[in-house]
Amino acid sequence: MLPETGRAVLPHLRSTPRAVVRLLAWSVPEMAQTFFLGYALARALDDGFLRGEPGAGMGWLAAAGLSVVLAGVGTDRVHVALAAIAEPMRDDLIRRVVHRALRDADGAAVSRLTHQTEIARDTFANLLLVSRTFVLSAGAALAGLLALAPVLLLIVLPPLAAGLMLFVATLRPLTRRQEAFLVADEAIAADLDAVVAGLRDIAASGAQPWVAADAGAGIDGELRAARALARWGTLRDLAVGVAGHLPVVLLLGTAPWLLGRGVTPGALVAALAYLTQALLPALENLILSLGTTSARLAVVLRRLAPEDTCGTTPRPTSAQEARHPAFRHTRRVDDTRITAGSGPVRQAHTQKDAFTAVPETGRADSQRPESNVPPKRQPPGAAVSPPAVSLHNLTFAYGPHAEPVLRGVDLVLPPGGHLAVAGPSGIGKSTLAALIAGVLAPDRGEVRLCGRDVRGLGPGDLAALRVLVPQEAYVFSGTVRENITYLCPEPPPDAALLASCAAVGADGLVGRLGGPEGRLDPRALSAGERQLLALVRAHLAPAPLVLLDEATCHLDPAAEARAEHAFMARPGGCLIVVAHRISSARRATRILVMDGTHTDCGTHEDLLARSTLYRDLVGSWADRSQPALLQRDAYSVDPVTGAGLTGDGRHVVTHGPGGQVEAVGDLRDRGTFYGQ
Ligand SMILES: Nc1ncnc2c1ncn2[C@@H]1O[C@H](COP(=O)(O)OP(=O)(O)OP(=O)(O)O)[C@@H](O)[C@H]1O
């Protein structure tokens, strides 16, 4: 038996001493029966049938039959005693597994609880039974051989010992293979657990081939582990051959020599009976079944025991979790969009000079973006809240040989801060958002959310700190409630749900869809409607930081403003918006302008004064949304139609019932109207 199996099993045996004594006591009739089987056979032949006294022969055989009946009674009681040892051991294991599952919120614990504890119980009982039977049978058979003719031991013992030594030598490598196999099995269970939890996301993102390939790789891994296990298993067959079959061959081969040395024919037949009827079956059981059983028990017990005592497989790190494809997919679809190689990777950027590296503590107020708000004085000794977001020396490239998209970026955003990120297309705005959200891991530097390094955070912790809403809103078939409460750890009350809908401006849409229980078909929704639902979802989520990565681009400016105000109105709410409109940038208290080689951060006015790129951006935004045309003096209003016409005669302005500007149209293309 392996030392670790012994270490694991002995405490259980010690804790049930009475049952162990009963087990041993009821084993005596079995041992006697094995001994008597050969001995009575030898006497029946030598003292009965071969001497022409069949009555004596039959008498010995009848005595052997009686011993079988007594042994049957003993075997029955042995199983009762065995249950009294194995069941408490199983209860103990379940107690430990439940404790660990509750402590670690461990998803794979169910598998361990139902599957591995049963394996442990069965293998433990089997181990006791098989090793006990081997010791009894071998002891009885060797005692019988000794009683019949000691010279028989010279033939039987050497191959028996050699075979057993070979068997013992295979135990440790076999345990390792067994452990590798169980680890692979458990990894598949954990992976499939994650896949099942993310099925909807996987289907929505079309990630099935990737997930299937990963699951296939796990199954291949288990197959390789099973093959390695089987290879070591073949050595056990050799051990059985040497320890069990070779003595029989040797006994037959040396029979003439033995008979010449005074061994009686009856003793020879009895020796063969000992070998083939008692020793060989017990040996086969021991080597073929116990070899696996003992290794499996050692592995299962080690894996079920608490980590501090038995060193179970460590829980996956967040980095490992992040590498899991199902997890990656889930987060990518749920939380963010990462553009896949849609343009050239940016050339080397030097962005550090545009940001101020600041210490993490004690600077929250001094970093408040509201430049006109004097910093609040902290009472001496008062705890300072960590920044909502702090980036330090953030560097990231899409691949080891690609030019970094971000290089050495430092930034601090205080709690309640509102930052707009602006820059030309493909400059890295979404990449920055994904890094802040912990969806991408930086190559260098760090991202801290509320003072916590995102690298150390699991999915649950990240979800509690931030929501990243991508441009392509993720909406799935189901009820409105299912869609908008998707990120809520607990179902929110209806009042909160409706309040979020109203705050974000989705109340009308939700009403049209039939309220929270209305079923929706994502294909029947416009891009703007999908964005509204995604915004409600983010608004309902508990995370204080919301990152909108062009998440309102299909909404009109008023709806966009309403949604942004809703996020900022949340207590402790902090907003980062990848802006695509001047209005969105102007609402933010700070704007981060990214241009690849030079990055700047400041208020709208500061940036207008000092950043050529920002002025260009404002110009291009103005050109797209025609805000200049909305100045009352930029057009004249027709008193009859209520429409306005710009001085250049190119644009028409329409008004709503309250006289507000409703839309601006380009007369050169009558189909084109721009929302305000
Ligand atoms: N998955 C990816 N693999 C390789 N390169 C990528 C990947 N995603 C983005 N990139 C590249 O990284 C750079 C920054 O992309 P990113 O999407 O962050 O820019 P952006 O400023 O958000 O652009 P846009 O305003 O068009 O959304 C681009 O050159 C882009 O081609």
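Residues numbered from 1 in each chain as written. Predicted model: local features only at pLDDT ≥ 70, side-chain atom pairs only at ≥ 80, totals over all residues.

Under an unreviewed UniProt entry, the name given to the protein is ABC transporter ATP-binding protein, and the source organism is Streptomyces macrosporus. According to its UniProt record, the protein has this under Subcellular location (unreviewed entry): "Cell membrane". (UniProt positions renumbered as here; feature names shortened; annotations may be inferred.)

> Which residues make up the overall build of the protein, and what values do they have?
Within the protein, the secondary structure is distributed over 22 helices and 17 strands. By the burial criterion, 41% of the 676 residues in the protein qualify as buried. Excluding contacts between residues fewer than 6 apart, the proportion of contacts in the protein whose partners are at least 24 apart in sequence is 75%. (Helix = DSSP H or I, 4+ residues; strand = E, 2+ residues; numbered from the N terminus. Buried ≥ 20, exposed ≤ 12 C-beta atoms within 10 Å, placed from the backbone. Contact = placed C-beta atoms within 7 Å.)

> Run through the pairing of strand 6 (residues 466–469), naming residues and quoting values.
Side-chain alternation along strand 6 places Arg-466 and Leu-468 on one buried face and Val-467 and Val-469 on a second face that is also buried. The pairing of strand 6 with strand 9 (residues 545–549) spans 4 bridges and is classified as parallel. Looking at the pairing, Leu-468 lines up with Leu-547 of strand 9. (Pairing = 2+ DSSP bridges.)

> Please provide a residue-by-residue account of the packing of helix 5 (residues 151–197) against helix 7 (residues 208–253), values included.
Axis separation between helix 5 and helix 7 bottoms out at 8 Å; the angle between their running directions is 165°. What the angle tells us is that helix 5 and helix 7 run roughly antiparallel. Between helix 5 and helix 7 lies a crossing of left-handed hand. Residue composition of the contact of helix 5 with helix 7, by class: 35 nonpolar, 6 polar and 5 charged. (Axes fitted to C-alpha atoms, helices over the stretch in contact; angles between N-to-C directions. Parallel < 35°, antiparallel > 145°, perpendicular 65-115°, else oblique. Left-handed = near helix turned anticlockwise from the far one by under 90°. Nonpolar A, V, L, I, M, F, W, Y, C, P; charged D, E, K, R; others polar.)

> Hey, could you go over the environment of Gly-57 for me, with residue numbers and the actual values?
Mapped onto the elements, Gly-57 comes out in helix 3 (residues 54–104). With 10 residues separating them in the primary sequence, Gly-57 and Asp-47 have C-alpha atoms 6.8 Å apart. Those residues in contact with Gly-57, other than ones at most four positions away along the chain, are Ala-44, Gly-48 and Phe-49.

> Describe the sheet that holds strand 4 (residues 444–449), with residues and values.
Spatially, 4 strands are ordered 2-1-4-5 in an open sheet, and the strand pairing comes out antiparallel. Edge strands, defined here as strands with exactly one partner in the open sheet, are strand 2 (406–413) and strand 5 (452–453). Taken together, the 2 bridges between strand 4 and strand 5 define a ladder with antiparallel strand orientation. Across the sheet, the residue bridging to Leu-449 is Arg-452, located in strand 5.

> Which residues make up the nonpolar core, and what values go with them?
Nonpolar side chains tend toward joint burial in soluble globular proteins. Within the largest apolar cluster, 84 residues are counted, with the highest numbers of intra-cluster contacts made by Val-421, Val-469, Leu-535, Val-546 and Leu-547. With 7 residues, helix 18 (residues 527–540) is the largest single contributor of residues to this core. Excluding residues within four positions of it along the chain, Val-469 makes contact with Ala-534, Leu-535, Ala-538, Val-546, Leu-547, Leu-548, Asp-549 and Ala-551. (Core = buried A, V, L, I, M, F, W, Y, C linked by C-beta atoms within 7 Å.)

> Explain the UniProt feature "transmembrane region" (unreviewed entry) in the protein to me, and be specific about the residues and the numbers.
Mapped onto this numbering, the UniProt entry gives "transmembrane region" (unreviewed entry) at residues 20–40, 60–86, 124–145, 151–171 and 238–259. Between the end C-alpha atoms of residues 20–40 there is a gap of 30 Å, over a span that is 100% helix and 0% strand. Helix makes up 100% of residues 60–86 and strand 0%. Its end C-alpha atoms lie 38 Å apart.

> Just give me the short version of helix 18, but keep the residues and values in it.
The end-to-end C-alpha distance of helix 18, which contains 14 residues, comes to 20 Å, matching closely the 20 Å that a straight helix rising 1.5 Å per residue would cover. Burial within helix 18 is extensive, with 11 of its 14 residues counted as buried. For helix 18, every residue scored as buried is listed here: Glu-529, Gln-531, Leu-532, Leu-533, Ala-534, Leu-535, Val-536, Arg-537, Ala-538, His-539 and Leu-540. The inward-facing, buried residues of helix 18 abut strand 6, helix 15 (480–484), helix 16 (494–504), helix 17 (507–512), strand 9 and helix 19 (557–568). (Expected span 1.5 Å × (residues − 1).)

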